[in-house]
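Here is how the chains run, residue by residue.
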Amino acid sequence: MNEIRGIGVLTLGLVWLAVGVGCAYAAEETVVIPLDQIWALDMPGTRNIRKLQAEKLPPPGDGQLVAQIRRSLSKDRPKGEAAKAGFAVLGTGLEALRDAHAVLVEGKEPRKSFPVGSDLTLVFFSQRLSSYYVHVHEVTCQENAISIRYRFVPHETKELTTHFALIPIKGLAEGGYRVRVIQSPMERMFIEAGFKQIDDTYERSIISRPFSFGLRELPNY
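To start, this report covers the structure provided alongside it. In this numbering scheme, every chain counts its residues from 1 along its sequence in written order. Only residues with pLDDT of at least 70 get local features here, since the model is predicted, and only at 80 or more are side-chain atom pairs given and counted; chain-wide, interface and lining totals rely on the full set of residues. Neither water nor hydrogens contribute to the side-chain values; these are computed over all heavy atoms in the structure.

Overview of helix α3 (residues 93-104)
Note the threshold: Secondary structure elements are taken from DSSP: a helix is a run of H or I of four residues or more, a strand is a run of E of two residues or more, and numbering for both begins at the N terminus. Expected span of a helix, by definition, is 1.5 Å for each gap between consecutive residues, and there is one gap fewer than residues. Only protein chains enter the calculation, and the probe is 1.4 Å; a residue is then buried if its accessible area is under 20% of its type maximum, exposed if over 50%, and partly exposed in between.
If you check α3, its first and last C-alpha atoms are 16 Å apart, about what twelve residues at 1.5 Å a residue would give, namely 16 Å. Summarising burial for α3: nine of the twelve residues are buried, a large majority. Residues of α3 that are buried: Gly 93, Leu 94, Ala 96, Leu 97, Ala 100, His 101, Ala 102, Val 103 and Leu 104.

In structure tokens form, the structure reads like this:
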């Protein structure tokens, strides 16, 4: 599952940081979505998603969106059961947070198709309390593939955590897209301290699975 070779995609063709988190690019280009454009729960380098609702919503409003998502993701599940697939939602920012809440908390079925030209958000999450942090460290777009790379990071305390991220995507052309979820190697300092790379079974039970979606010219939208 650890596609170390996948990191090599950054050496193929032109690599650039997306301006305005756009992903309109030529086939040979790889676009990097900056971490500071991603809203996330407790992931270094990202935007603190708690501030998203705090800035936009007077209390009580929807002020518990993040807390409710976190509680939903923290629910115990049968041992060995795979985590749910990630998904895309329409819009960015607070709109995306509300739509993610509708899927993760209210049980709404995620959309699979969106109008061409839409601003979208990809929802990535860990679906179980864990003694490891889950940190997205890189998101790239190339052709019709979007890759979310993350790491497990051991806790220094006995706390248990869960995490999620809202990754904004703009400028996609019409067509189908697949979203890969790739575990990167654990940082060397943790390996040297005696921690082992997370195995596939544990990863599948924690990390949202890969998914796909499409952009189409939808009538009467």
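Remarks on the nonpolar core
Using the following cut-off: For the purposes of this section, nonpolar cores are sets of buried Ala, Val, Leu, Ile, Met, Phe, Trp, Tyr and Cys residues that join through side-chain atoms within 4.5 Å. Only heavy atoms matter for contacts: two residues are in contact if any of them lie within 4.5 Å across the pair.
Counting 36 residues, the largest nonpolar core has Leu 122, Phe 124, Phe 152, Ile 167 and Phe 213 as its most contacted members. Listed by contribution, the elements that provide at least two residues to this core are β2 (30-33), β5 (87-90), β7 (120-125), β8 (132-142), β9 (145-154), β10 (164-169), β11 (175-183) and β12 (211-216). Apart from the residues lying within four places of it in its own chain, the contact partners of Ile 167 are Ile 33, Ile 38, Leu 120, Thr 121, Leu 122, Phe 124, Val 139 and Ile 148. Listed in part, the 20 residues of the second largest apolar core include Trp 39, Leu 94, Ala 100 and Leu 166.

A word on the sheet that holds strand β3 (residues 39-40)
Rules: Two strands are said to pair when DSSP picks up at least two bridges between them.
Pairing is mixed in the open sheet, where five strands are placed in the order β4-β3-β10-β7-β5. Looking at strand neighbours, the two that pair on one side only are β4 (47-48) and β5, the edges of this open sheet. Across four bridges, β5 lies against β7 in antiparallel orientation. If you follow Val 89 over to β7, its bridge partner there is Thr 121.

Focus on the pairing of β11
Both β9 and β11 contribute to a ladder of six bridges, which runs parallel. Directly across from Ile 146, in β11, lies its bridge partner Val 179. In this structure, β11 lies alongside β12, joined through five bridges in antiparallel fashion. What sits directly across from Tyr 177, in β12, is Phe 213.

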